[in-house]
Structure formats: structure tokens, C-alpha cells
Amino acid sequence: MYFKNSVAAIIVIFAIIFGAKTFFSDLVHVGYDDNLTLAERIAPLGQVYLEGDIDVNVIKAPVKTSAKARSGEEIYTTVCASCHASGVLGAPKFGNKVDWAPRVKRGIADLVKVAISGIGAMPPKGTCMNCSDDELTAAIEHMIK
Ligand code: HEC
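Quick summary incoming for the structure in this document.

Comments concerning the side chain of Lys-125
Right, so step 1: Mapped onto the elements, Lys-125 comes out in the loop between α5 (108-117) and α6 (133-143).
Right, so step 2: At 4.6 Å, Asp-133 is the nearest oppositely charged side chain to Lys-125, a buried residue that forms no salt bridge.
Right, so step 3: Leave out the neighbours within four places in its chain, and Lys-125 touches Ala-115, Ile-116, Cys-131 and Leu-136.

Structural data, given as C-alpha cells:
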């Protein structure tokens, strides 16, 4: 009696599993996409470009936005003037021959060198950290005129 029931139960369970499998396999289509060709299905995920495959000259170098050097006057007015206009902390004043004469004697190259590293109360690069050496030179030349 029990044995017969369990055999029946097992048959019913198998029937349900098999039925469900056949039913869902039509709905859920796992595997490959029939619409793709064989070549598309076995194609690698990435592609490798070999030298000469693409024209590198077509890829332009990124445009530098701040490539144009600012003028000495511009640097002086925006950065250096805060100290050098009125001589804050003993800074040599703008266009003041007495302040600048002994320094100019050492040569512009040395003034630029000192301005880059800073001296006493003069901060490195006069706080203009994005100033190029050329821009600092121009700013100094503007100040000692
Ligand atoms: C925070 C104030 C301050 C700012 C901003 C500043 N300076 Fe100066 N600078 C000084 C002081 C103070 C001195 C005098 C330092 C000394 O002789 O001890 C000086 C001196 C100098 C000297 C003479 C250095 C020497 O060898 O005697 C140069 C050149 C100079 N500054 C250039 C610049 C330039 C260019 C800028 C702007 C980019 C600038 N400074 C911005 C305070 C400043």
C-alpha cells in the first residue's frame, strides 16, 4: 500500500518536472541567439588593432588650453602686485630704481632663480605656482622697468 503510493508519487513528481521543463524551455531560451550567424557567435569579445590598421594622424593631440604664455604685466597685476606695488614686508617696489638697482646688478637670470625658490618673506614663485619660468621672467622685467 505504502509502496504503491510512493511509486505513484514519484511518477507524478517526475511528470511535473518533465512537463515544467518542456513548458519553460520554450519560454526561457538559454543558450545562443538563433539570429546570429556562426561567425558572430564565435567571434572574440575584443578586437586588436595592429600597427598600421588605423591612421594615427587622424587622432589629433589634445588641445592645450593654457598654452599661450601670459604677459609679464598680467602676472604682475594678478599675483606680484599684492606685495610689490606698495612694498609689503620690504618687497622691492614696482618700478622703484632704488629698490631694484642693486638687485638688477646681479642679473635677471639670478633674480628669476631667487624668485622661483623664494627668499625671506618672498614666497616661492611669488605664490604663482602655475607660472612658467618665462612668465616669471616677464613679470620681473615688467617690475624693474
Ligand atoms: C607675499 C608677498 C610677495 C609676493 C606675492 C611676491 N613677492 Fe617678490 N618679494 C617679496 C619680498 C618681501 C621680497 C624681498 C625679499 C628679500 O629680499 O628678502 C621680494 C623680492 C622679489 C625679488 C627680488 C629677489 C632678490 O633676489 O632680491 C624678485 C625678483 C621678486 N620678488 C619677484 C616676484 C614676482 C615675479 C612675483 C609674482 C609672480 C612676486 N615677487 C610676488 C614679496 C612678495
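Having seen the structure, we can now continue with the description.
A word on the coordination of the iron atom of the ligand
When four donors bind a metal tetrahedrally, each ideal donor-metal-donor angle is 109.5 degrees, and when six bind octahedrally, the ideal angles are 90 or 180 degrees.
Right, so step 1: The iron atom of the ligand binds to the protein through His-84 (NE2) and Met-122 (SD), with metal-donor distances spanning 2.0 to 2.1 Å.
Right, so step 2: Here the iron atom of the ligand binds six donor atoms, and the angle range of 87 to 179° at the metal identifies the geometry as octahedral. Of the two residues, His-84 sits in helix α3 (residues 72-84) while Met-122 sits in the loop between α5 and α6, which places them 38 residues apart along the sequence.
Right, so step 3: Residue classification places His-84 among the buried positions, given a relative accessible area of 7%.

Topic: the site of the ligand
Right, so step 1: Lining the immediate environment of the ligand, one finds 26 residues, of which Cys-80, Cys-83, His-84, Arg-106 and Met-122 sit closest.
Right, so step 2: A distance of 2.7 Å is found between an oxygen atom of the ligand and a side-chain nitrogen or oxygen belonging to Arg-103.
Right, so step 3: In this structure, an oxygen atom belonging to the ligand sits 2.4 Å away from a side-chain N or O atom of Arg-106.
Right, so step 4: Contributing elements (two or more residues each) for the shell around the ligand: α3, α4 (97-104), α5 and α6.
Right, so step 5: Top element by residues in the shell around the ligand is α3. It accounts for five residues.
Right, so step 6: Grouping the constituent residues of the shell around the ligand by class yields 19 nonpolar, four polar and three charged.

Some points on the pattern of salt bridges
Right, so step 1: Here the structure, examined in full by the defined rule, presents three salt bridges.
Right, so step 2: As a salt-bridge pair, Arg-70 and Glu-135 come within 3.0 Å of each other at their nearest N and O atoms. On the criterion of sequence distance, the pair formed by Arg-70 in the loop between α2 (38-41) and α3 and Glu-135 in helix α6 is long-range, its members being 65 residues apart.
Right, so step 3: Residue classification places Arg-70 among the partly exposed positions, given a relative accessible area of 29%.
Right, so step 4: We note a salt bridge from Asp-99 to Lys-93, for which the minimum N-O separation is 3.6 Å.
Right, so step 5: Residue Lys-93 is classed as partly exposed on the basis of its relative accessible area, which comes to 31%.

Criteria and cut-off values
- Residues numbered from 1 in each chain as written.
- Predicted model: local features only at pLDDT ≥ 70, side-chain atom pairs only at ≥ 80, totals over all residues.
- Heavy atoms only, no water.
- Helix = DSSP H or I, 4+ residues; strand = E, 2+ residues; numbered from the N terminus.
- Buried < 20%, exposed > 50% of the residue type's maximum accessible area, 1.4 Å probe, protein only.
- Lys, Arg positive; Asp, Glu negative; His and termini not counted.
- Salt bridge = Lys/Arg side-chain N within 4 Å of Asp/Glu carboxyl O.
- Contact = heavy atoms within 4.5 Å.
- Donors = N, O, S within 2.8 Å, 3.2 Å for Na, K, Ca; no water.
- Tetrahedral: all angles 85-135°; square planar, octahedral: opposite > 155°, others 65-115°.
- Near = heavy atom within 4 Å.
- Polar contact = N/O pair within 3.5 Å; in protein donor to acceptor, adjacent residues only side chain to side chain.
- Nonpolar A, V, L, I, M, F, W, Y, C, P; charged D, E, K, R; others polar.

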